[in-house]
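# Working through the structure, step by step
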Amino acid sequence: MARVGVRVCYMAGRRPVEGRWGWWQVVTVTLMCVWVWGAQGFTPVMDEETLARYETLLQSKTCKSWLEDPPEDCLKSHNGACVAAGCKWVAGYPGPWCQFNVPEHCVPTTWDVASKYIVAELGNITSLQWTAAFIAIAFVVVSMVMMVWADRRQALLERLLVRQEVKDEDDHHHHHHHHDEVDREESVVGTKYAMTPPSTSSSTPSTLMVPPLPSSSLMGTSGGGVRRRKPETNPDDVEDGGKSMAPSPGRGGARAAIAAGERLLRLPWFLRTDAVCCGVLFLLSMIIHVWRLEEPAILTYDECHFGYFVSKYFKREYLFDIHPPLAKMTFYALGSLLGHDPGPGAEFQFKGQMGTPYHNFNQFYPLRFIASFFGALVVPVMYLSCRALKISPSTSIVGASLVLWETCLLAESRSILTDSQLVFWNALTIFAMLKLFNTPQDNTASLHRWMIATAVCCGCVFGVKFTALATLGLIAVEAFFGFFLLKKPLTLAQCLMSGVVGLCVWMFWWWCHFAILIYDHSEVNWQEPDFQSSLIGNEWYGKLTPPWFPIKAFQLVITMIQVNAKTLDPHNWSSQWYDWVIGRGTRVLSAHESGWEVSILTNPAVIIITCCALAVGALLVFLFLRYQVETTGMLGVTAKSPRNRQLCCLVAFCLFGWLLNLLPYIFIARTTFVYHYLPGLLYAQLLTAVLCERLFQHTSYNLRFIVCFLLVSFMAFGWWYYAPWVYAMPLNDMQHEGRKLLLGK
């Protein structure tokens, strides 16, 4: 089987006569190689000698009894007895053992194993799973309808824009030419814009007529015989000062055309395409996040920590945590508005063991709702980030769907945890950064506005967790050097101004932190006496001069970094960075004897799609650097095709952002979990949207619709299959085992 697969791989991957690889060949080679690998992995290791040795025994024993009751000699721990019995002596950890060889016809095939779990799954679907299936199907339908609506509206706006251009040109001719030349000018303009005349000759001049425009493109000759003037510049290039950060929008229209058409119709902001899409996506995201948010009504893992921190803010007692204070203060501020009730003894309640029931609904639901709200906001922000790259609305919806159906962010957002706020501020920082880098540098007002917005977002995301330093570093490198997206780097003064604004915002959160927590607590023993002297009730209070506020903040930050670096204890649910990339990192938050389980795991469908995008992106960058550029210096390159260079730079930017977020977990020794992958996953999802947009430029509309439908449906199915682990739905042992098997557990 493996040999046949290798031969097919070779035949499918042979170069054509013209010496180029087609996309179908790359896909075929990839699928066949995966098939070969799978065939080798599932082929049982048996030989004829072993089968003959147990031929007599098989006549009296069924396969079932063989698997359940192997020969006694195979259970012996002595090497000689094991080999003499025809078994296999395996030297493993924690020690060697005797492994009996199961006859080949008794080994279940891959399909036998899969069918067993499929039958167990289909025969035990609960009402909650049917509800989840209805949600998934309905949301997929809504997404596809929204894509079609956005495409049709875009075509309409393009048609209106071209009609306005024709009208303006006609008015121009009437205004600047003599009245006796009007007929001649109308004849010329009519010939230019009319339908292509038939082959038969006619002396009658064609009249000025603007036929309906297809939804293909504003540029070039469209289908249907409509002849239009091809613009000298791309509308997107005009909008961003002559440099486009993304590939040409192609079929699907230009972003500038949409904006111009909406301005022409004088539509209010809430009826414009992006506003409607963002609103619908946010509504869908909120439904997914708040459904069964009250389940389970018990303490799940890190809720004991962050719930305890929030209770300290209500008591205004000092607390020590290894993370900055913004996320915890957000829980405190919004929780107060939403009616969060710490209740008597809340401090001890949140310091309880995992699985401890909550006293009342208001003790946990408002805080979980806050986390879900920030998690739901990430979906429309991802859509806007795709649009900032001039990606069409329909493809931007696909990019937002990668976040919508992502189960790791969803599970984190449904507990009293801070990672949903981290991912939200990270996504918002990426959006502001893309808008900044896409703003013409001669537009001073707009440039400064997005510089300040980016700096504020940087101060906020760094105020949630120090792991956001990767995104801050990416922005600093691009702003100072302009490697990827900028036509030229920002000035030194602009970089310094942005850094000062971001630092001030970050320090502001520390000022709020110290202003709220004014009372002494035992956790202050981490700090120096001069630090403790600023807290009411401390033995050092008033005896020493408290340090200046910035010094106090930096002292605390140093202590936090030192304590965080000591987080080296092994954990049952910890995982490594390479596990996250392939979707094997799973962290169980809580499990119950009634059959439900709450886990944090990535959606396998999203992981497969993003992994393919990362592999294709890395291949594109390699091929571009190898075959498409001419070296002009140590860092400078000159592309043979400007359009290819734009695509390569954008893909390299996403890859660099993804890799930069993984580097700390590759080289730093500390306990890591799957949710650490969420900031880097944003760049992989953005890269997927970029590559899909480039792919859709060269496909028909029907094929693009089918591909989008399959991608979104695949993501929705992955969400549905693992929804019981996200929403605490009871399952039987066979259903749990099937899900763990798929994850390689």
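Residues numbered from 1 in each chain as written. Predicted model: local features only at pLDDT ≥ 70, side-chain atom pairs only at ≥ 80, totals over all residues. Heavy atoms only, no water.

## Quick look at the packing of aromatic side chains
Considering all chains together, one arrives at 40 aromatic pairs under this definition. Aromatic side chains Tyr313 and Tyr332 sit 5.9 Å apart centroid to centroid with 25 degrees between the ring planes, which places their arrangement in the stacked category. In this pair, Tyr313 sits in helix H13 (residues 303-315) while Tyr332 sits in helix H14 (residues 326-337), placing the two residues 19 residues apart along the sequence. Of the residues examined, Tyr313 reaches a relative accessible area of 0% and is grouped as buried. Ring plane angle 40 degrees and centroid distance 6.4 Å describe the contact between Trp580 and Tyr677, whose orientation is recorded as tilted. Of this pair, Trp580 sits in helix H25 (residues 577-581) while Tyr677 sits in the loop between helix H27 (642-667) and helix H28 (678-696); the two residues are 97 residues apart in sequence, bridging distant segments of the chain. Every member of this aromatic cluster is reached through a ring pair, and the members are Tyr318, Phe462, Phe466, Trp506, Trp510, Phe514, Phe531, Phe549 and Phe554. Its end group placed over the ring of Phe514, Lys552 keeps NZ or CZ at 4.5 Å from the ring centre. (Phe/Tyr/Trp six-rings, centres within 6.5 Å; stacked < 30°, edge-to-face > 60°. Helix = DSSP H or I, 4+ residues; strand = E, 2+ residues; numbered from the N terminus. Buried < 20%, exposed > 50% of the residue type's maximum accessible area, 1.4 Å probe, protein only. Lys NZ or Arg CZ within 6 Å of the ring centre and 35° of its normal.)

## So, helix H29 (residues 701-726)
The terminal C-alpha atoms of H29 lie 36 Å apart, and with 26 residues this matches the ideal 38 Å at 1.5 Å per residue to within 8%. If you look at H29, its biggest bend is around 35 degrees, right at Trp720, and the proline Pro724 turns up within four residues after that. (Expected span 1.5 Å × (residues − 1). Bend = angle between axes of the 7 residues up to and from the residue.)

## Considering the pattern of salt bridges
Summed over all chains, the structure comprises six salt bridges. Linking Lys328 and Asp321 is a salt bridge whose minimum nitrogen-to-oxygen distance equals 3.0 Å. One exposure class covers both Lys328 and Asp321, and it is buried. (Salt bridge = Lys/Arg side-chain N within 4 Å of Asp/Glu carboxyl O.)

## A look at the side chain of Ser599
For Ser599, the location among the structural elements is in strand S4 (residues 597-601). A polar contact of 2.9 Å, which involves the side chain of Ser599, links it to the side chain of Glu597. (Polar contact = N/O pair within 3.5 Å; in protein donor to acceptor, adjacent residues only side chain to side chain.)

## Some points on a nonpolar patch on the surface
Together, Phe480, Phe481, Phe483, Leu492 and Leu496 make up a nonpolar patch on the protein surface, roughly 510 Å² of accessible area in all. Secondary-structure elements contributing two or more residues to the nonpolar patch are helix H21 (469-481) and helix H22 (492-516). Within the secondary structure layout, Phe480 lies in helix H21. (Patch = residues over 30% accessible without salt bridge, like charges linked within 9 Å, V, L, I, M, F, W, Y side chains within 5 Å. Areas by Shrake-Rupley, 256 points an atom, 1.4 Å probe, with all protein chains shown as cover.)

## Topic: the packing of helix H16 (residues 365-388) against helix H17 (residues 393-404)
Viewed as axis vectors pointing N to C, H16 and H17 meet at an angle of 145 degrees, and their least axial separation amounts to 8 Å. In this structure, H16 meets H17 at a crossing whose hand is right-handed. Here H16 contributes Val378, Val379, Met382, Tyr383, Cys386 and Arg387 to the contact with H17, which in turn contributes Pro393, Ser396, Ile397, Gly399, Ala400, Val403 and Leu404. Its residues placed into classes, the contact of H16 with H17 shows ten nonpolar, two polar and one charged. (Axes fitted to C-alpha atoms, helices over the stretch in contact; angles between N-to-C directions. Left-handed = near helix turned anticlockwise from the far one by under 90°. Contact = heavy atoms within 4.5 Å. Nonpolar A, V, L, I, M, F, W, Y, C, P; charged D, E, K, R; others polar.)

## As for the nonpolar core
Within the largest apolar cluster, 163 residues are counted, with the highest numbers of intra-cluster contacts made by Trp405, Tyr677, Trp719 and Tyr727. If one sorts the elements of this core by residue count, H16 sits on top with 13 residues. (Core = buried A, V, L, I, M, F, W, Y, C linked by side-chain atoms within 4.5 Å.)

## Section: H16
Taking 1.5 Å per residue, 24 residues should reach 34 Å; H16 reaches 35 Å between its end C-alpha atoms and fits that length. Of all 24 residues in H16, 21 are buried; the element is thus mostly enclosed.

## Quick word on the side chain of Ser394
Among the secondary structure elements, Ser394 is positioned in helix H17. Among the residues examined, Ser394 registers a relative accessible area of 2% and is labelled buried. When near neighbours in sequence (up to four residues on either side) are disregarded, Ser394 contacts Met147, Asp151 and Arg704.

## Concerning unusual backbone geometry
For residues other than glycine, phi is negative in most cases, and the peptide bonds are mostly trans. Note that the residue after Glu295, namely Pro296, is joined by a cis bond; omega there is -5 degrees. Along the chain, Pro296 turns up in the loop between helix H12 (273-290) and H13. Its identity is not glycine, yet Arg292 carries a phi of approximately 55 degrees, on the positive side. For Arg292, the location among the structural elements is in the loop between H12 and H13. Here Arg292 falls in the buried class, since its relative accessible area comes to 15%.

## A few points about the environment of Phe374
Within the secondary structure, Phe374 sits in helix H16. In this structure Phe374 comes out as buried when scored by relative accessible area, which is 8%. Sequence separation between Phe374 and Trp425 is 51 residues, and the spatial gap between their C-alpha atoms is 8.8 Å. Beyond its immediate chain neighbours, meaning those up to four positions away, Phe374 contacts Thr330, Leu334, Ser420, Gln421, Phe424 and Trp425.

## Describing the state of the cysteines
In total, this model carries zero disulfides according to the counting rule given. The closest cysteine sulfur to the non-disulfide-bonded Cys278 is located on Cys277, 7.1 Å from its own sulfur. A relative accessible area of 14% means that Cys278 is categorised as buried. The thiol sulfur of Cys654 is not disulfide-bonded, and the nearest other cysteine sulfur, from Cys386, lies at 9.2 Å. Given a relative accessible area of 1%, Cys654 falls into the buried group. (Disulfide = S-S within 2.5 Å.)

## Things to note about the packing of H13 against H14
Where H13 meets H14, the closest approach of the two axes is 9 Å, and the angle between their N-to-C directions is 65 degrees. Of the two elements, H13 crosses H14, and the hand of that crossing is right-handed. Contacts between H13 and H14 involve Phe309, Val310, Tyr313 and Phe314 from the former and Lys328, Met329, Phe331, Tyr332 and Ser336 from the latter. Grouping the constituent residues of the contact of H13 with H14 by class yields seven nonpolar, one polar and one charged.

## Regarding the confidence of the model for the protein chain
The predicted model of the protein chain has a mean per-residue pLDDT of 75, with 67% of residues at 70 or higher. By mean pLDDT, helix H10 (residues 235-239) is the weakest element of the protein chain at 36, and H16 is the strongest at 96. Low pLDDT, under 50, characterises residues 73-78; the predicted model gives this stretch 15 contacts beyond four residues in sequence or across chains. (pLDDT = per-residue confidence, 0-100.)

## Section: the environment of Arg704
The residue Arg704 is located in helix H29 in this model. Expressed as a C-alpha distance, the spacing of Arg704 and Ser394, which sit 310 residues apart in the sequence, is 9.6 Å.

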